[in-house]
Amino acid sequence: MFGLENLGLLGLFIGTFLAATVVPFSSDALYVAILLATKEPVACLAAGTLGNWLGGVTTYYLGRLAKWEWLEKTFKVKRETLDKQKNLIDRYGVWVALLTWVPFVGDVIALALGFYRSPAVWSLLLMLLGKLGRFVIWTLILI
């Protein structure tokens, strides 16, 4: 995983941040590797959640700045994909932010939440809860 596992908690923070933005790799695999190596569940939970959440926050605000053409060109996000996400957001509101932890799809959800101007405070809070929940489950399974 790009040697991030060798950096311990800092690598976990960086890796989970990047995984929640545009770098396609599994923050779960990195989290598991560092949790098993360090045996520091609280520190791993904090570093992993904070990194992944801040990456999601970054993606959310990139969505706020985005234009259709930019999303299609830079992120290779098709208009149909964002239309599907818009339907999800219209149907479930900010609650869909709980799903931003889901690999690949979650990044598009965070981008769409920002793009469609979902309320920032609620979107980001629910995003934090979803990402925390995912790492809590991994921690409980492994420790």
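Residues numbered from 1 in each chain as written. Predicted model: local features only at pLDDT ≥ 70, side-chain atom pairs only at ≥ 80, totals over all residues. Heavy atoms only, no water.

*Asks:* Now, about helix α2 (residues 27-38): what can you tell me, with residues and values included?
*Replies:* With 12 residues, α2 extends 16 Å from end C-alpha to end C-alpha; this agrees with the ideal 16 Å at 1.5 Å per step. Looking at α2, one finds that the buried residues are S27, D28, L30, Y31, V32, I34 and L35. Residues of α2 that are buried sit in contact with α1 (8-19), α3 (41-65) and α7 (120-142). For α2, the N-terminal capping position is held by S26, with its side-chain oxygen 3.3 Å away from the main-chain nitrogen of D28. Remark: K39 follows α2 within two positions and exhibits a positive phi of approximately 55 degrees. (Helix = DSSP H or I, 4+ residues; strand = E, 2+ residues; numbered from the N terminus. Expected span 1.5 Å × (residues − 1). Buried < 20%, exposed > 50% of the residue type's maximum accessible area, 1.4 Å probe, protein only. Contact = heavy atoms within 4.5 Å. Polar contact = N/O pair within 3.5 Å; in protein donor to acceptor, adjacent residues only side chain to side chain.)

*Asks:* Help me get a handle on a nonpolar patch on the surface, residues and values and all.
*Replies:* Side chains of V121, W122, L125, L129 and L132 sit close together on the surface and give an oily, nonpolar patch of about 490 Å² of accessible area. Summarising the element assignment, V121 is placed in helix α7. On the basis of relative accessibility, which here comes to 66%, the residue V121 falls in the exposed class. (Patch = residues over 30% accessible without salt bridge, like charges linked within 9 Å, V, L, I, M, F, W, Y side chains within 5 Å. Areas by Shrake-Rupley, 256 points an atom, 1.4 Å probe, with all protein chains shown as cover. Salt bridge = Lys/Arg side-chain N within 4 Å of Asp/Glu carboxyl O.)

*Asks:* Which residues make up the packing of aromatic side chains, and what values do they have?
*Replies:* All told, the structure shown has 4 aromatic pairs when counted by the stated rule. Plain terms: the ring middles of F115 and Y116 are 5.0 Å apart, the flat faces sit at 85 degrees to each other, and that makes the pair edge-to-face. Ring pairs connect the aromatic residues W68, F115 and Y116, which therefore count as one cluster. The ring of W68 has R79 sitting right over it, with the charged end atom 4.3 Å from the ring centre. Seen from the ring of Y116, K86 lies directly overhead, with NZ or CZ sitting 5.2 Å from the centre. (Phe/Tyr/Trp six-rings, centres within 6.5 Å; stacked < 30°, edge-to-face > 60°. Lys NZ or Arg CZ within 6 Å of the ring centre and 35° of its normal.)

*Asks:* Quick one: what's the story with the confidence of the model for the chain, residue by residue and with numbers?
*Replies:* Reading predicted coordinates in detail is not appropriate for stretches of low pLDDT. On average, residues of the chain carry a pLDDT of 90, and 99% of them reach 70 or more. Per-element mean pLDDT across the chain ranges from 79 in helix α4 (residues 68-74) up to 97 in α7. (pLDDT = per-residue confidence, 0-100.)

*Asks:* Can you tell me about the pattern of salt bridges, naming the residues and giving the values?
*Replies:* Considering all chains together, one arrives at 2 salt bridges under this definition. In this structure, R134 engages D28 in a salt bridge whose closest nitrogen and oxygen atoms are separated by 2.6 Å. One end of the pair, R134, is in helix α7; the other, D28, is in helix α2, with 106 residues separating them in the sequence. Accessibility expressed as a relative area gives 8% for R134, which makes it buried. A salt bridge links D90 to K86, with the nearest nitrogen and oxygen atoms 2.8 Å apart. Highlighted residues: D90 and K86, both in helix α5 (residues 79-92), separated by 4 residues, approximately one helical turn.

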